[in-house]
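Secondary and tertiary structure notes
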Amino acid sequence: MKYLFIHQNFPGQFLHLLRHLHAQGGNELVFISETGSGAMPWVRRVGYRMPPPAKVGGPPPVGEIAHAMERAAQVARAARTLRDLGFMPDIIIGHHGWGELLDLGDVYPGVPVLGYYEFFYHPSGLDVGFDPEFPFSPASAPMVRARNTLNLQALAQPGWGHSPTRFQRDTYPDWARPRITLLREGVDLAQCRPDPAAATRPFALGDVRISPHEKLVTYVARDLEPYRGFHVFMRALPRILRARPDVRVVVVGGDGVSYGTPPPQGCWLERMLAELGAWIDPARVHFVGRLPYDRFLDLLRRSDAHVYLTYPFVLSWSLREAMACGCAIVGSDTAPVREFLHDGKTARLVPFLEPRRIADGVLELLEDRALSRHLRGRVRAQAVRTLDMGDYMARYMALVARLTGKPACMDDAARAMMA
């Protein structure tokens, strides 16, 4: 089959699917993107360039919509060139978040479109107003609703969608959900696996050296910011460090902002260090930036207590990987986390907004070895049961086959799911 992928940052959410389709053989893979890294010689990449953002009057969502319309036009231009060169895809797969798919029906009318629906914004009840430290003015509610313009444009067009979690799918209106398949993303369970002996060996990460006699607490986010609970995690550290002199902490994440807004000055790491000052011992708390994937997995395997916090918002891939690695997880008691973890059964869930309770959850897992072993084993088993990459790919292929009517390249597992 011929596949056309669209994502402004190659390969986006489609890394594993691209690898799977290549391994199947017999598929032609073309990818339109603006940026991206990683070598996939079997994928034909077609780039597009965005002009500098035009100055648009009105509130911020108006500028976002104008930028998305320009992005849709650039993607359509690239697709039109492909069409004129003779490429006719059997299906178009992409992400609706930046407006890239909006004009493709004009280029390839009748070709099925499978779009990734990530999140539908609400002025209350989810991420907005969740954290009282960052109060939300009801006068801003129209601006939040306006951010759904691209979502609504996508839903008004022909095509099908999928979301990676039930929580994310259910942020969409009732009338939209029948057209959005819940397709939980999988994990490479062979690559993301526990290493019970990791804690018995010295561990090194750059200049950080951790002995087998020390306890390691880990925290991971793409960027260190409030949406991922960085501020409350930092406030939990003094209690952990006082209670356990043998604890070392490794914090993974960049200094940018993936979600929400930056602080008035500097970055969130600088702000939290300024707030906490001498309570954060730099000899025991290490901020290592972003890591290569293999080193990230090594860190998870060595972790004695892994902290994952999030607003009621999009779930991070890192939680799935921590589950597969059999981490002893302290997670926020928020809806996206509760979909994957259960308190006392696969993790210890704690209130997002309470640093003391976060610290107590970490200390409990460090001190109660039997509980830690129990949670590690159960969370790995949960990952094997629900996050297997083979099952994920089979469900993906079954959905593609249903939309295209072309099941020729499906494997046995995918055919069974269509039966």
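Residues numbered from 1 in each chain as written. Predicted model: local features only at pLDDT ≥ 70, side-chain atom pairs only at ≥ 80, totals over all residues. Heavy atoms only, no water.

Per an unreviewed UniProt entry, the chain carries the name Glycosyl transferase and comes from Gluconacetobacter entanii.

1. Let's talk about the UniProt feature "domain: Glycosyl transferase family" (unreviewed entry) in the chain
The UniProt record marks residues 26-190 and 212-376 with the feature "domain: Glycosyl transferase family" (unreviewed entry), using the residue numbering of this structure. Here residues 26-190 runs as 28% helix and 18% strand, with 26 Å between its end C-alpha atoms. (UniProt positions renumbered as here; feature names shortened; annotations may be inferred. Helix = DSSP H or I, 4+ residues; strand = E, 2+ residues; numbered from the N terminus.)

2. Here's the deal with unusual backbone geometry
Cis rather than trans, the peptide bond between Phe 10 and Pro 11 has omega equal to -5 degrees. Within the secondary structure layout, Pro 11 lies in the loop between β2 (9-10) and α1 (15-24).

3. A word on the environment of Val 350
If you trace the backbone, Val 350 turns up in strand β17 (residues 348-350). The spacing of Val 350 and Ser 163 is 187 residues in sequence and 26 Å in space, taken between C-alpha atoms.

4. Looking at the side chain of Glu 118
Inspection of the secondary structure assignment puts Glu 118 in the loop between β7 (113-116) and α4 (141-146). Buried and without a salt bridge, Glu 118 has Arg 222 as its closest oppositely charged side chain, separated by 6.4 Å. Engagement of the side chain of Glu 118 in a polar contact is seen with the side chain of His 95, the distance being 2.9 Å. Excluding residues within four positions of it along the chain, Glu 118 makes contact with Gln 13, His 95, Gln 168, Tyr 172 and Val 314. (Buried < 20%, exposed > 50% of the residue type's maximum accessible area, 1.4 Å probe, protein only. Lys, Arg positive; Asp, Glu negative; His and termini not counted. Salt bridge = Lys/Arg side-chain N within 4 Å of Asp/Glu carboxyl O. Polar contact = N/O pair within 3.5 Å; in protein donor to acceptor, adjacent residues only side chain to side chain. Contact = heavy atoms within 4.5 Å.)

5. Points about the sheet that holds strand β9 (residues 180-182)
Within the open sheet, the seven strands sit side by side as β5-β3-β1-β6-β7-β8-β9. Their pairing is parallel. Two strands bound the open sheet, and with one partner strand each, they are β5 (43-47) and β9. Geometrically, the sheet is characterised by an average inter-axis angle of 25 degrees between neighbouring strands, direction not taken into account. When strand β6 (residues 91-95) meets β7, the two strands line up parallel, connected through four bridges. (Pairing = 2+ DSSP bridges. Axes fitted to C-alpha atoms, helices over the stretch in contact; angles between N-to-C directions.)

6. Considering helix α10 (residues 317-324)
Burial within α10 is extensive, with seven of its eight residues counted as buried. Buried within α10 we find Ser 318, Leu 319, Arg 320, Glu 321, Ala 322, Met 323 and Ala 324. Summarising the contacts, the buried residues of α10 are in contact with β12 (215-223), α9 (293-302), β15 (305-308), β16 (329-332) and α13 (369-386). Downstream of α10 by a residue or two, Gly 326 has a phi angle that is positive, lying close to 70 degrees.

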